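Observations on the three-dimensional arrangement
Next come the chains, spelled out residue by residue.
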Amino acid sequence: MSDQSSNPLASVMDGLKSWARINSPWVIHYNSGSCNGCDIEILATLTPRYDLERLGVKLQGSPRHADILICTGPVTRQSKERLKRIYEQMPSPKFVVAVGSCGTASGAFRGCYNICESIGDVIPVDVYVPGCAPRPEAIIYGVAQLLEMIKSGAPSAEMRKAEEPAAVEG
Amino acid sequence: MSLSLHPLIVLLFFPGGLFLLGSGMFYEWIDRKLVARYQNRLGPRWFQPLADVVKLLAKEEIIPQGVHPGLFIILPVIALASALTAALYTPLLGLQPYYSFQGDLIVTLYLLSVMTLSLGLAGANSINRFSLVGATRTITQLFSYEAPFMLALLGPAIAAGTWRIAGINEFAGQSLWMILTQPIGFIVALIGLMGKLELPPFDAPEAETEIVAGALTEYSGRGFALFRIGKNVELVVGLTLVSAFYLGGLMNPLEFVLKTLGLLLVMAGLQSLFARLRIDQTVGLWWRMGTLVALLQLLAIVIGRALPGLF
Ligand code: SF4
């Protein structure tokens, strides 16, 4: 990074890239075992009432096209592998927003035998949006926080994870 | 109106290259904004398509397992290149086309189809089942709208008695608007253009609620961006062709902007009015209705032109 910032062309390119990233966050939505309450709120967020297209947000069907994975619910053991696979199918740079108390710390399902603790245990999460279920405003605020983070140039959870030594598979 | 420019400028800036890319993005924005307004939303900001493209170009490109890597990389380039080449033969901005010869109408139509063909090949190249279904639908749709679309554009050509786009454009500028003399041809051409661009209600090939993103499911980053730009360029070229033929020709930049935007207004309205057709309904609509009607229209024109000679 340090030798790049001395080069004016590279810094302009970096600025352009982060401008484009902030203004065109395409999302994909995955339910990793939630009660569906959070998903309904996410869909409400995407309706004309809140019209996220005015901020450049678009819902994509394919993980290959998405930048942000919006994920809900405690990760059940059944969906753990799928969640990981969807995350790995996304091209870098990618970001994750965990929506709902369940995604944050298993919420209403705490202590169940069939879940992992939270989304953060399976894939690196950038922003947690608490609430059961969070209102659309809260979800928009969470995504806005993520965009702020990209703007400030702070390393995303993906980058921090890559720097860590690989954890032993449990 | 015509300008003489250095060939490099023609290819890189105007009317090829930068101008086309810029106007393609601009028309995409207008289209999305109009659809948003029809749906009572605010819609995207004016730089949205640019941000999308820059972001996609800056993203990682994943070449999935099971594809032919060479084809995977080259197909988006071919698609974009053919769309850009097609633009050289059309009266963009109301100016004379830069290259023009007898029969360039047919060449342009084929160049526009190459884009769809590479889309289909791109889908068939991958082992993803959604891509495969999308590719099948793309090619099926190609076979259904191509004939009526071509017939609808042949109508003005026969009326003008020339196969040069520039000649037809001139003829259209001097005579009565052909939307009045050949209304059926206009409707078929407009709907054919929507089918070509896979806009709703003809978006079964990329129906995101059933088959994720159709043929482009496996594309990320650069390839996806190039396909998107190619589609935008095709939108501009298609709008130019239809409005030059049916809306009284394009003689100056003002006419170009007004007529193509007017056409886009109608197209955006149709997009938000109709729900998606199933692929068999699309094919049925085109072969049972579109082709027959366009053929009748063509027959009428041929007879109309032949009759005065007989008596
Ligand atoms: S946070 Fe509440 S609404 Fe969301 S998945 Fe958990 S229980 Fe359901």
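Structure: above.
These remarks concern the structure in this document. (Residues numbered from 1 in each chain as written. Chains lettered and ligands numbered in written order. Predicted model: local features only at pLDDT ≥ 70, side-chain atom pairs only at ≥ 80, totals over all residues. Heavy atoms only, no water.)

1. With respect to the overall build of chain A
Broken down by element type, chain A carries seven helices and five strands. Relative to the globule expectation of 15 Å for 170 residues, the C-alpha radius of gyration of chain A, 16 Å, shows essentially globular dimensions. If you line up chain A on its principal axes, its C-alpha atoms span 55 × 45 × 25 Å. A total of 170 residues make up chain A; the buried ones form 47% of that total. (Helix = DSSP H or I, 4+ residues; strand = E, 2+ residues; numbered from the N terminus. Rg over C-alpha atoms; globule rule 2.2 N^0.38 Å. Buried < 20%, exposed > 50% of the residue type's maximum accessible area, 1.4 Å probe, protein only.)

2. Thoughts on helix H2 (residues 17-38) of chain B
Over its 22 residues, H2(B) runs 32 Å from end to end, which matches the ideal 32 Å to within 8%, given 1.5 Å per residue. Positive phi appears at Asn40(B), one or two residues downstream of H2(B), with a value of about 65°. (Expected span 1.5 Å × (residues − 1).)

3. Details of the sheet that holds strand S4 (residues 95-99) of chain A
Residue and element names in this part refer to chain A. Spatially, S2-S1-S3-S4-S5 is the arrangement adopted by the five strands of the open sheet, whose pairing is parallel. Each edge of the sheet is formed by a strand with only one pairing partner; in this case those strands are strand S2 (58-59) and strand S5 (127-129). Here S4 runs beside S5; their pairing, made up of three bridges, is parallel. Within the sheet, the bridge partner assigned to valine 97 lies in S5 and is valine 127. (Pairing = 2+ DSSP bridges.)

4. As for the packing of helix H9 (residues 183-196) of chain B against helix H12 (residues 253-273) of chain B
All names here are of chain B. Where H9 contacts H12, the axes come no closer than 11 Å and their chain directions differ by 65°. By the angle class used here, H9 and H12 are roughly perpendicular. The two elements H9 and H12 meet at a crossing, and its hand is right-handed. Only Leu263, Val266, Met267, Leu270 and Gln271 of H12 make contact with H9, whose side of the interface consists of Phe186, Leu190, Leu193 and Met194. Each residue belonging to the contact of H9 with H12 can be placed in one class, and the counts come to eight nonpolar, one polar and no charged. (Axes fitted to C-alpha atoms, helices over the stretch in contact; angles between N-to-C directions. Parallel < 35°, antiparallel > 145°, perpendicular 65-115°, else oblique. Left-handed = near helix turned anticlockwise from the far one by under 90°. Contact = heavy atoms within 4.5 Å. Nonpolar A, V, L, I, M, F, W, Y, C, P; charged D, E, K, R; others polar.)

5. Comments concerning the side chain of Ser220(B)
Tracing the backbone through its elements, the reader meets Ser220(B) in the loop between helix H10 (208-211) and helix H11 (222-246). Among the residues examined, Ser220(B) registers a relative accessible area of 0% and is labelled buried. Within the local environment of Ser220(B), its side chain forms a polar contact with the backbone nitrogen of Ile62(B), the two atoms lying 3.1 Å apart. When neighbours within four sequence positions are excluded, Ser220(B) is seen to be in contact with Arg64(A), Pro91(A), Glu60(B), Glu61(B) and Ile62(B). (Polar contact = N/O pair within 3.5 Å; in protein donor to acceptor, adjacent residues only side chain to side chain.)

6. Focus on the pattern of salt bridges
Under the counting rule described, the total for this entry stands at 15 salt bridges over all chains. Asp67(A) is the partner of Lys59(B) in a salt bridge, and the nearest nitrogen-oxygen pair spans 2.6 Å. Taken together, the residues Lys59(B) in the loop between helix H3 (48-57) and helix H4 (69-87) and Asp67(A) in the loop between S2 and strand S3 (68-72) connect one chain to another. For the pair shown, Lys59(B) and Asp67(A) are each scored as buried. The salt bridge partner of Arg32(B) is Glu28(B), with a shortest N-O separation of 3.1 Å. With Arg32(B) and Glu28(B) both in helix H2, this residue pair falls four residues apart, about one helical turn. Ionic contacts of the salt-bridge type, sharing partners, join the residues Asp51(A), Glu53(A), Glu28(B), Arg32(B), Arg41(B), Asp52(B) and Arg228(B) into one network. (Salt bridge = Lys/Arg side-chain N within 4 Å of Asp/Glu carboxyl O.)

7. Thoughts on unusual backbone geometry
Residue and element names in this part refer to chain A. With omega at -5°, the peptide bond leading from serine 92 into proline 93 counts as cis. Counting through the fold element by element, proline 93 comes out in the loop between helix H4 (77-89) and S4. A cis amide bond, omega -10°, links cysteine 132 with the succeeding residue alanine 133. Positioned with a positive phi, aspartate 51 is a non-glycine residue whose angle comes to about 40°. The topology assignment puts aspartate 51 in the loop between helix H3 (37-45) and S2.

8. Looking at the layout of surface pockets
The calculated volume of the largest pocket comes to roughly 1800 Å³. Put simply, the parts of the chain that give the lining of the largest pocket at least two residues each are S2 of chain A together with H2, helix H5 (104-125), H10, H11 and H12 of chain B. Looking at which element gives the most residues to the lining of the largest pocket, the answer is H11(B), with six residues. Across the lining of the largest pocket, the residue classes break down as 22 nonpolar, eleven polar and 14 charged. (1 Å grid on protein atoms, 1.4 Å probe; cavity = no way out; pocket = protein on both sides within 12 Å on 5 of 7 lines; lining within 4 Å. Points joined across faces, edges and corners; volume = space filled by probe spheres on them.)

9. What to know about the nonpolar core
Generally speaking, nonpolar side chains in soluble globular proteins are found buried as a group. Residues Leu105(B), Leu153(B), Leu239(B), Phe245(B), Tyr246(B) and Met267(B) are the most contacted members of the largest nonpolar core, which totals 65 residues. Considering each element in turn, this core owes the most residues, twelve residues, to H11(B). Setting aside residues no more than four positions away along its own chain, Tyr246(B) makes contact with Ala152(B), Leu153(B), Pro156(B), Trp177(B), Met178(B), Ile179(B), Gln182(B), Gly185(B), Phe186(B) and Ala189(B). Of all hydrophobic cores here, the second largest spans 19 residues; its members include Val27(A), Leu52(A), Ile68(A) and Leu147(A). (Core = buried A, V, L, I, M, F, W, Y, C linked by side-chain atoms within 4.5 Å.)

10. Some remarks on a nonpolar patch on the surface
Taken together, the side chains of Leu71(B), Ile74(B), Val77(B) and Ile78(B) make up a nonpolar region of the molecular surface, amounting to roughly 290 Å² of accessible area. Mapped onto the fold, Ile74(B) is located in helix H4. (Patch = residues over 30% accessible without salt bridge, like charges linked within 9 Å, V, L, I, M, F, W, Y side chains within 5 Å. Areas by Shrake-Rupley, 256 points an atom, 1.4 Å probe, with all protein chains shown as cover.)

11. Topic: the environment of Ser131(B)
Residue and element names in this part refer to chain B. Topologically, serine 131 is positioned in helix H6 (residues 129-160). Take serine 131: its relative accessible area is 0%, and that puts it in the buried class. Distance in space between the C-alpha atoms of serine 131 and threonine 217 is 5.7 Å, their sequence separation being 86 residues. Excluding residues that lie within four positions of it along the chain, serine 131 makes contacts with Gly123, Ser126, Gly214, Ala215, Thr217 and Glu218.

12. Topic: empty space enclosed by the protein
Tallied over the entire structure, the rule returns five cavities of 30 Å³ or more. Considered as a void within the structure, the largest cavity measures approximately 60 Å³ in volume. Around the largest cavity, the lining residues are Val27(A), Ile42(A), Thr45(A), Leu46(A), Leu52(A), Val57(A), Ile70(A), Ile139(A) and Val143(A). Mapped by element, the contributors of at least two residues to the lining of the largest cavity are H3 and helix H6 (136-152) of chain A. Here the residues of the lining of the largest cavity are counted per class, giving eight nonpolar, one polar and no charged. As a volume, the second largest cavity reaches approximately 50 Å³. Every residue lining the second largest cavity is listed: Arg21(A), Ser24(A), Pro25(A), Asp67(A), Ile68(A), Pro93(A), Phe95(A), Leu147(A), Ile150(A), Lys55(B) and Lys59(B). In terms of residue class, the lining of the second largest cavity is made up of six nonpolar, one polar and four charged.

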